[in-house]
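Letter by letter, the chains look like this.
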Amino acid sequence: MAEVIVVGGGVGGMVSALLLARNGHEVRLFERLDRLGGKLAEHEREGFVFSLGPSLLTMPGLFRELGVGCAMVEPEELCRYRFADGSRLRALRDPALMEEQVESLAPGQGPAWRAFYGWARECLAASRRTFFTGPLGRRPEQASLGDLLAVAPGRTLDGLARRFFADPRLRQYVGRYATYAGSNPYRAPAALGCVPAIEHGEGGWYVPGGLPRIAAELGGLLAAAGVEVHRGAEVAEVIADRAAVSGVRLASGERVGADAVVVNADAAALYGRLLPDRRRLRRIAGLGLSSSVLLLLAGVEGRTEGLPHHSVVFSADYRREFDDIFRHRRPARDPTVYIGCTAVDDPTQAPPGAENWTMLVNVPAGDPGRWPMPVESYRDLVLELLARRGHDLSGRLRFVDLFTPADLRDRYGAWGGAVYGSAYRGRLAPLRRPGNRGPRHGLYLVGGSAHPGGGLPLVAMSGRIVASLVEEDFGHAHRSARSWEATA
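This is a predicted model, so every value here is computed, not measured.

Q: Any chance you could explain the sheet that holds strand β5 (residues 79–82) here in plain terms?
A: Hydrogen bonds along the backbone pair up the strands of a sheet, which may run parallel or antiparallel. In space, the seven strands of this open sheet follow the order β6-β5-β13-β14-β15-β12-β16, with mixed pairing throughout. Two strands close off the open sheet at either side, each with one partner strand: β6 (88–91) and β16 (397–403). The mean angle between the axes of side-by-side strands here comes to 20°, regardless of whether they run parallel or antiparallel. For β5 and strand β13 (residues 310–313), the ladder comprises three bridges, and the chain directions are parallel.

Q: I would appreciate a short explanation of the packing of aromatic side chains in the present structure.
A: Geometrically, a pair of aromatic rings is defined through the distance of the ring centres and the angle of the planes. In the structure shown here, the tally under the stated rule is 16 aromatic pairs. Ring geometry for F322 and F326: centres 6.4 Å apart, planes at 15°, overall stacked. Taken together, the residues F322 and F326, both in helix α12 (residues 318–327) and four residues apart, mark about one turn of the helix. The residues F322 and F326 share a single accessibility class, namely buried. Ring centres of W371 and Y378 lie 5.8 Å apart, and the angle between their planes is 70°; this geometry places the pair in the edge-to-face category. A single burial state applies to W371 and to Y378, both of which are buried. Connected via pairs of aromatic rings, a cluster forms that spans Y81, F83, Y173, Y177, Y180, Y186, F314, Y318, F322 and F326. The cationic tip of R45 hangs over the ring face of F399; the distance from NZ or CZ to the ring centre is 4.2 Å.

Q: So what exactly am I meant to see when it comes to the pairing of strand β15 (residues 354–363) here?
A: On any regular strand, side chains alternate: one points to one face of the sheet, the next to the other face. In terms of burial, β15 is a largely internal element, nine of the 10 residues being buried. For strand β12 (residues 292–301) and β15, the ladder comprises 10 bridges, and the chain directions are antiparallel. Its bridge partner lying in β15, L297 is registered against T358. As paired strands, strand β14 (residues 337–340) and β15 are joined by four bridges and run antiparallel to one another. Considered in β15, the bridge of Y338 is made with L360.

Q: For this particular structure, what's the right way to read the nonpolar core?
A: One broad trend across soluble globular proteins is that nonpolar side chains are buried collectively. F63, Y81 and Y173 are the most contacted members of the largest nonpolar core, which totals 93 residues. Among the elements that line this core, the one with the most residues is helix α15 (residues 456–474), at 11 residues. Residues A41, F48, L296 and L393 belong to the second largest nonpolar core, which totals 42 residues.

Q: Is there a simple way to think about helix α3 (residues 95–105) in this case?
A: Along an α-helix, a turn takes 3.6 residues, which lines up residues three or four apart on a common side. All buried positions along α3 are accounted for by P95, M98, V102 and L105. Take α3 and look down its axis: the buried residues cluster within an arc of 75°, on one side only. Facing away from the buried side of α3, by more than 90 degrees, are the exposed residues E100 and S104. Where α3 is buried, its residues touch β6, α4 (110–129), α7 (168–175) and α8 (195–202).

Q: Where do I start with unusual backbone geometry in this structure?
A: Most peptide bonds take the trans form, and the phi angle of most residues other than glycine is negative. The linkage connecting H451 with the following residue, P452, adopts the cis geometry, with an omega of 0°. Relative to the assigned elements, P452 resides in the loop between β17 (443–445) and α15.

Q: What am I meant to see in the sheet that holds strand β11 (residues 260–263) here?
A: Taken in spatial order, the five strands of this open sheet run β7-β2-β1-β11-β17, and their pairing is parallel. At either end of the open sheet lies a strand with only one pairing partner, and these are β7 (228–231) and β17. Strand-to-strand twist of the sheet, defined as the mean angle between neighbouring strand axes without regard to direction, takes the value 15°. Both strand β2 (residues 26–31) and β7 contribute to a ladder of four bridges, which runs parallel. Note on β7: the bridge partner recorded for L29 is V229. Against the sheet, helix α1 (residues 11–22) touches β1 (3–7), β2 and β11, its axis set at about 165° to β2. Against the sheet, helix α10 (residues 267–274) touches β1, β11 and β17, its axis set at about 140° to β17.

Scoring rules and cut-offs
- Residues numbered from 1 in each chain as written.
- Predicted model: local features only at pLDDT ≥ 70, side-chain atom pairs only at ≥ 80, totals over all residues.
- Heavy atoms only, no water.
- Pairing = 2+ DSSP bridges.
- Helix = DSSP H or I, 4+ residues; strand = E, 2+ residues; numbered from the N terminus.
- Axes fitted to C-alpha atoms, helices over the stretch in contact; angles between N-to-C directions.
- Phe/Tyr/Trp six-rings, centres within 6.5 Å; stacked < 30°, edge-to-face > 60°.
- Buried < 20%, exposed > 50% of the residue type's maximum accessible area, 1.4 Å probe, protein only.
- Lys NZ or Arg CZ within 6 Å of the ring centre and 35° of its normal.
- Core = buried A, V, L, I, M, F, W, Y, C linked by side-chain atoms within 4.5 Å.
- Arc of directions from axis to C-beta.
- Contact = heavy atoms within 4.5 Å.

Printed below as a string of structure tokens:
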């Protein structure tokens, strides 16, 4: 068995640490912040609670299998979409009901949605047999040519939407799934279109008290498994020679030895600061950054009749919006706005008779000080846009706090404030992300910037993959000296 250090206490790091400890390894986890959970965080003010990360959980079985036992409830709607022409689409979990909603929005397109959902299910099944099962570079025994074809490798997500839908609003609805990975639907691979199979197949779930309760539960499981957790302990360097890692150096100067080091940090932080590697850093830079976010965290007086847990107010010109973000590197003048209000289902999230609105706008990664207008002016633009599209908060706002790309960068070490590290750009984008095995024996990378990607389910999968790799490399007395190099 091995001595393992986990650098970073995000969900991916926590999952890998938990599984390794349960397999008998001696595990120490060092987290720079005074809490665990990474981006699974919240902001509190005057009795209002806001999710800074996800507010709905998909694929809850991944966490139930780990022993997370917190209560979960399923909101009535997955999401409510409002298009620029004022029309609306209610996304209901049941595929038959969803087909009816699509048919009501765009007569004749209901069967097209059913066909799209069928494609998404096949794509998800193929991904589970291949992409989600292990590290990059390893072909699962059960993989087939049919699995490759099932993910439409030659198409973009927008191209996939055009294959199924004639109505431009439904193409925009499909394109939104690129934003789950901080990407541009006009360049992102069609494989991101498998997300509806997850949402409609397994649902979207809310945890009373907020999704950070999941991080708290994982923290309890770490303690029960014997993981030695150090909060407020920043790792400044991964110590390694040309062949293998030997431990870490803390910001305090203390050196801690280990057989293996699992880094739950942005890949750019690993190869730019913790273990400098110019070649790998250039490779990551060549992938391009994912988008970032601007969060407007609003304490709202009164209750809004019929407000869903999740809603999306679409822009009038989706292509122009993503050109602004990814090509011109500026916030869109007409942005799509996501609205989350957990107080709809959970009275603990806002004072009586009030609501907590989290308004999310996709913006380019980078310094918001370089934007064409001040952040506060862009906040006002977003609120005015929402007012014109049916969400007028005039006279109801107690406060609006902002969370910017600079906050993401400074709090989590996210390169440029990018939410998911590199963007999914191009046909083979999912296969070009940093791998889970590093360039030294005993070095591993886990989290949203590495394989298989960002979002709670995928970082949990990343934690499982890394735990299996450490077990493969250190869990047996005899190991092929080159096995670790195969997927570096």
